[in-house]
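Residues per chain are reported as follows:
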Amino acid sequence: MIPLGERIDGLAGLARQYKRLGHDLIHDLSAEAETLSLAAGRDARDQGWRHDRLYVVRGGALMACYQGRRLLLWDEGDVIPPDPEDGLTYQTDGAVLLGGYHYPAVLDELLGDPARARRWSELLVTRQALFARLLAARIPEDAHARSRFAYFHPGDDLVRQGEPADGVYNLFEGEAEVLVDGVAVGRVGAGEVLGAIAMLTGAPRGATVRALGRCAAVKVPADQFQSLIRSNPSMILGLMTDMARQITDLNGQVVSLSHGENPERRPGTGSLA
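Here we summarise the structure given alongside this text. (Residues numbered from 1 in each chain as written. Predicted model: local features only at pLDDT ≥ 70, side-chain atom pairs only at ≥ 80, totals over all residues. Heavy atoms only, no water.)

## A few points about helix α1 (residues 11-26)
What sets the pattern is the α-helix's 3.6 residues per turn: residues three or four places apart point alike. The end-to-end C-alpha distance of α1 is 22 Å, a good match for the 22 Å that 16 residues give at a rise of 1.5 Å each. Listing the buried residues of α1 in full gives Leu 11, Leu 14, Ala 15, Tyr 18, Leu 21, Gly 22, Leu 25 and Ile 26. One side of α1 carries all its buried residues, which in axial view fall inside an arc of 130°. (Helix = DSSP H or I, 4+ residues; strand = E, 2+ residues; numbered from the N terminus. Expected span 1.5 Å × (residues − 1). Buried < 20%, exposed > 50% of the residue type's maximum accessible area, 1.4 Å probe, protein only. Arc of directions from axis to C-beta.)

In structure tokens form, the structure reads like this:
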């Protein structure tokens, strides 16, 4: 494994340890590997890459990317455990040869032997340590320094209508209801940003957001909101998409009201707060 970017203390040693553990685990597997050849300059997903396979790099180097950012190279001998379908992507600069193992079968074989199960655990811990250091190296020292997790129980208000905007919440887990003048107008779920409109306009909160179940959210103070946007450009696109959806929904509700219909309550109205 070859990390990209600035040199990170201790990473080279962890990369060597990861490769050694992978070799020890794979070299005497009874499971048969399928050969996968990847052409240069293409996404592995377009060439037969499967998310239920554990891969070993037999030749060449595979670029691991996340949200378009190049993170590291898996090179010859590296073991690549499965990742969720919306996780890492893999690109090729040159031809790459992989051995692909059916992951459930490999896992059964490894866990059936206590010594190999321990080495598998060591490999996963080493992989976690590698990615933790890569993450730490990419986060500026002061980024999110004062951000904190906040937890809410059913019925708790994350933000209240009419109050000054002192920050935004990124809803990490759970679902909440959006109320305007006590009337429920929509719901928000995990991944949505709450309170951005008030932050951008300087106006008081335009809605109350109330937890429907247990919720966890990251609170970003007002003075760090601009830094958050600069360090996370995808948030701008998310906010624009959310606002466009709100305008479309509100237009639909106005049309429904003009025809004497009951407007449907819709999701995704969290940034109204």
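## Some points on the pattern of salt bridges
Scanning the entire structure with this criterion turns up 18 salt bridges. Across the salt bridge formed by Asp 166 and Arg 205, the nearest N and O atoms sit 3.3 Å from each other. Taken together, the residues Asp 166 in the loop between β10 (157-159) and β11 (167-173) and Arg 205 in the loop between α4 (196-201) and β15 (208-211) connect sequence positions 39 residues apart. What you see here is one network of salt bridges that share partners, running through Glu 34, Arg 50, Asp 52 and Arg 53. (Salt bridge = Lys/Arg side-chain N within 4 Å of Asp/Glu carboxyl O.)

## Structural notes on the sheet that holds strand β6 (residues 79-80)
If you trace the four strands from one edge of the open sheet to the other, you get β2-β8-β3-β6, paired in antiparallel fashion. Each having just a single partner strand, β2 (34-38) and β6 make up the two edges of the open sheet. Inspection of the sheet shows β2 paired to strand β8 (residues 96-102) by five bridges, in the antiparallel sense. Considered in β8, the bridge of Ser 37 is made with Leu 97. (Pairing = 2+ DSSP bridges.)

## Observations regarding the nonpolar core
Core analysis: the biggest nonpolar cluster contains 34 residues, and Trp 49, Leu 54, Leu 62, Trp 74, Ile 80, Tyr 90 and Leu 98 have the highest contact counts within it. Sorting elements by how many residues they give to this core places α1 first, with six residues. In this view, Leu 62 contacts Leu 38, Trp 49, Leu 72, Leu 73, Trp 74, Ile 80, Tyr 90, Gln 91, Thr 92, Val 96 and Leu 98; residues no more than four positions away in its chain are not counted. Among the nonpolar cores identified, the runner-up in size contains 16 residues, and Tyr 169, Val 188, Ala 207 and Cys 215 belong to it. (Core = buried A, V, L, I, M, F, W, Y, C linked by side-chain atoms within 4.5 Å. Contact = heavy atoms within 4.5 Å.)

## Brief notes about the sheet that holds strand β9 (residues 148-152)
Read across the open sheet, the four strands follow the order β9-β16-β11-β14; overall the sheet is antiparallel. Of all the strands in the sheet, just β9 and β14 (193-194) have a single pairing partner and so form its edges. Pairing between β11 and β14: two bridges, direction antiparallel. Each residue of the ladder has a partner; that of Asn 170, found in β14, is Val 193.

## A few points about the packing of aromatic side chains
Evaluated as defined, the whole model comprises five aromatic pairs. On the basis of an interplanar angle of 50° and a centroid distance of 6.3 Å, the ring pair of Tyr 103 and Trp 120 is categorised as tilted. Taken together, the residues span a long stretch of sequence, with Tyr 103 in helix α2 (residues 103-111) and Trp 120 in helix α3 (residues 114-138) at a distance of 17 residues. The exposure class assigned to Tyr 103 is partly exposed, which follows from its relative accessible area of 23%. Judged by relative accessible area, Trp 120 falls into the buried class, the value being 5%. (Phe/Tyr/Trp six-rings, centres within 6.5 Å; stacked < 30°, edge-to-face > 60°.)

## Section: α2
Along α2, the positions that sit buried rather than exposed are Val 106, Glu 109 and Leu 110. The arc enclosing the buried residues of α2, seen along the axis, measures out at 95°, which places them on a common side. Every exposed residue of α2 that faces more than 90 degrees away from the buried side is listed here: Asp 108 and Leu 111.

## Some points on the environment of Glu 34
As for its position among the elements, Glu 34 is in strand β2. When the C-alpha positions of Glu 34 and Tyr 55 are compared, they lie 9.3 Å apart, and in sequence the two are 21 residues distant. Excluding its chain neighbours within four sequence positions, the residues that come into contact with Glu 34 are Arg 53, Leu 98, Gly 99 and Gly 100.

## A look at a nonpolar patch on the surface
On the surface, Phe 149, Tyr 151 and Phe 172 cluster together to form a nonpolar patch covering roughly 360 Å² of accessible area. Relative to the elements of secondary structure, Tyr 151 occurs in strand β9. Exposure remark for Tyr 151: the relative accessible area of 52% places this residue in the exposed category. (Patch = residues over 30% accessible without salt bridge, like charges linked within 9 Å, V, L, I, M, F, W, Y side chains within 5 Å. Areas by Shrake-Rupley, 256 points an atom, 1.4 Å probe, with all protein chains shown as cover.)

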